[in-house]
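Here is what each chain is made of, one letter per residue.
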Amino acid sequence: MHPPIDTDDLDSALDQAAEWLWNARRVAVLTGAGVSAESGLATFRGAGGLWEGHRIEDVATPSAFRRNPTLVWRFYNARRAALRTAQPNPGHRALVALEDRFAREPSDGQFTLITQNVDGLHQAAGSRRVLELHGSLRRIRCTGCAYKADRGYEELTELPHCETCGELLRPDVVWFEEMLPAETWNEAAKATAGCQCFLVVGTSAVVYPAAGLIDTARDAGACVIEINPEATFASRRGGLGLRGPSGVILPQLVQRLSNHG
Ligand code: OAD
């Protein structure tokens, strides 16, 4: 394991990160809301991170939905509406370029993009192998029967009900106090434990179990690179920090990697 590398010199940090990527065959990436900030989507924590005075934890739990489903649906309908016009940004596209590079490595190459985001922008950019740990805003499901569907970002009623059984519909996202989808989580944990380089992009790294993947990668001996304008809980746990917005830093990193060697 490498100790925390505290560098204000972005240029040499980019060189170091490109070197690590150059030497890796298996790469995994964990993304959070910050990667979509430059697409105009609000992050959850920090300035502007509150939603009409509610903490995300207060509108994203099963008990909040039981208490006030209209409020919870207003939150999710607003997020779904924002996605009708949001476009992937250069950070999303740089991750597609990394996938193109590592997924076609002749021997043993692998690229796994693990996201906490529910906005679908990685797929919209062209990423192929995306593990959505927290579900997707495109999908809705019934609280009473097995109905589940990809409804895109079509406008739903304020409080949508199931046409089959009449029960309330809910977004197919993971709320606090709920389990992550087991198969997706297992794949994410496996890819993380087996990678040689792990990128942590645009996440405050406070929500578990997703944030625990950073420890998994580090404990397995992977080089950890964090891309974030701010230091986070992830930064304290070792690795190399590339300080800046991912829409700027990721394309620079991809460029460095192409120039390497
Ligand atoms: P947060 O809002 O907690 O953190 C966003 C991070 O993005 C912060 O560390 C910012 O510094 C960083 N950031 C801001 N602008 C950026 C930019 N242009 N480029 C790169 N980074 C930038 O969001 P998450 O860590 O994704 O869960 O939150 C994790 C989970 O908490 C979410 O998936 C959601 C939320 O509650 C559920 O809904 C279950």
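Shown above is the structure to which this text applies.
Here the residue numbers are simple positions, counted from 1 along each chain's written sequence. A pLDDT threshold of at least 70 governs which residues receive local features in this predicted model, and a stricter bar of 80 or more applies before side-chain atom pairs are shown or counted, although totals over entire chains, interfaces and linings include all residues. The side-chain figures draw on all heavy atoms in the structure; neither hydrogens nor water molecules are used.

### Digging into the pattern of salt bridges
Whenever a carboxyl oxygen of Asp or Glu lies within 4 Å of a side-chain nitrogen of Lys or Arg, that contact is scored as a salt bridge. The full count for this structure, using the stated rule, is 15 salt bridges. Notably, a salt bridge pairs R139 with E132, separated by 3.8 Å at the nearest N-O pair. Relative accessible area serves as the criterion here: at 26%, R139 is assigned to the partly exposed category. With a closest N to O distance of 3.1 Å, R151 and E154 form a salt bridge. Each of E132, R139, R141, K148 and D172 takes part in salt bridges that share partners, so that together they form one network. Burial classes follow relative accessibility: with a 1.4 Å probe on protein chains only, a residue under 20% of its type's maximum area counts as buried, one over 50% as exposed, and anything between as partly exposed.

### Some points on the pairing of strand 7 (residues 197-201)
With five of five residues buried, strand 7 is to be regarded as a mostly interior element. Per the convention used, a helix needs a DSSP run of H or I reaching at least four residues, while a strand needs a run of E reaching at least two, with both numbered from the N terminus. Judged by which residues are buried, strand 7 turns out to be covered on both faces: C197, L199 and V201 on one side and F198 and V200 on the other are all buried. Think of it this way: DSSP has to see at least two bridges between two strands before they count as a pair. The sheet contact formed by strand 1 (residues 26-31) and strand 7 spans five bridges and is parallel. Paired with T31 across the strands is V201, a residue of strand 7. As judged from the five bridges shared by strand 7 and strand 8 (residues 223-227), these two strands associate in the parallel manner.

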